[in-house]
Amino acid sequence: PDYELAVTPNFGLIPVTATRTEVQGEVERSYTTVHAGVAIGASFAIWRVRINPEINLVAVLRPDQGEGKGGFFAAYPGVGAFIVY
């Protein structure tokens, strides 16, 4: 078909750098965390090229916040282009 809509699961690891201001100044922490969510997108065919724009909606854990605390939701765009033969 020339176009289609898609909802796909999205699981993986994501590097996070967090900063916060404390009494001694700004503190920066980096860590890798798990994220899970869905990618909602479309797929358009133009001649022999298929373009897949999508928006990813994920929940991210914050292991630096302690047991049962922290985490955040994120949304980020993505796009792919594929040559079909």
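None of the values given here were measured: they were computed from a predicted structure. Starting afresh in each chain, residues are numbered from 1 along the sequence in its written order. The model is predicted, so local features are restricted to residues of pLDDT at least 70 and side-chain atom pairs to those at 80 or more, both for listing and for counting; the totals for chains, interfaces and linings are taken over all residues. As a rule here, side-chain values come from all non-hydrogen atoms in the structure, and water together with hydrogens is ignored.

A. Up close: the pairing of strand 2 (residues 25-46). Here strand 1 (residues 3-22) runs beside strand 2; their pairing, made up of 20 bridges, is antiparallel. Its bridge partner being in strand 2, P15 is matched across the sheet by T32. Hairpin connection, strand 1 to strand 2: the antiparallel pair is bridged by two residues. In this description, strands pair whenever DSSP reports at least two bridges between them. Helix numbers and strand numbers start at the N terminus; a helix is a DSSP run of H or I with at least 4 residues, a strand a run of E with at least 2. With 10 bridges joining them, strand 2 and strand 3 (residues 49-60) adopt antiparallel strand pairing. Within strand 3, the residue paired with A36 across the bridge is A59. Counting the residues that bridge the hairpin from strand 2 to strand 3 gives two residues, and of these W47 lies at a positive phi of roughly 55°.

B. Examining the sheet that holds strand 2 more closely. Here four strands make up an open sheet; going across it, the order is 1-2-3-4 and the pairing antiparallel. Of all strands in the sheet, those with a lone pairing partner are strand 1 and strand 4 (72-83), marking the two edges. Along the sheet, successive strands turn relative to each other by an average axial angle of 25°, direction set aside. Each axis is a line fitted through C-alpha atoms, taken for helices only over the stretch in contact, and angles between the N-to-C directions span 0 to 180 degrees.

C. Main features of the confidence of the model for the chain. In this model, the chain carries a mean pLDDT of 81, and residues with pLDDT of at least 70 account for 89%. For every residue, the predictor reports its confidence as pLDDT, a number between 0 and 100. Here strand 1 stands out as the element of the chain with the lowest mean pLDDT, 82, in contrast to strand 3, whose mean of 86 is the highest.

D. Layout of a nonpolar patch on the surface. Exposure above 30% relative accessible area and no salt bridge define the residues that can form patches, which grow by joining like charges within 9 Å and nonpolar side chains of Val, Leu, Ile, Met, Phe, Trp and Tyr within 5 Å. Surface exposure here means Shrake-Rupley accessible area, sampled with a 1.4 Å probe, where a residue is shielded only by the protein chains that are shown. What counts as a salt bridge is simple: a side-chain nitrogen of Lys or Arg found within 4 Å of a carboxyl oxygen of Asp or Glu. Among the surface-exposed residues, V7, V38, I40, I55 and L57 lie close enough to one another that they form a single nonpolar patch of about 370 Å² accessible area. Of all the elements in the fold, those that place two or more residues in the nonpolar patch are strand 2 and strand 3. Residue placement: L57 occurs in strand 3. A residue is classified by how much of its surface remains accessible, and L57, at 37% relative accessible area, is partly exposed. The rule is simple: take the accessible area with a 1.4 Å probe, protein chains only, and divide by the maximum for that residue type; under 20% is buried, over 50% is exposed, in between is partly exposed.

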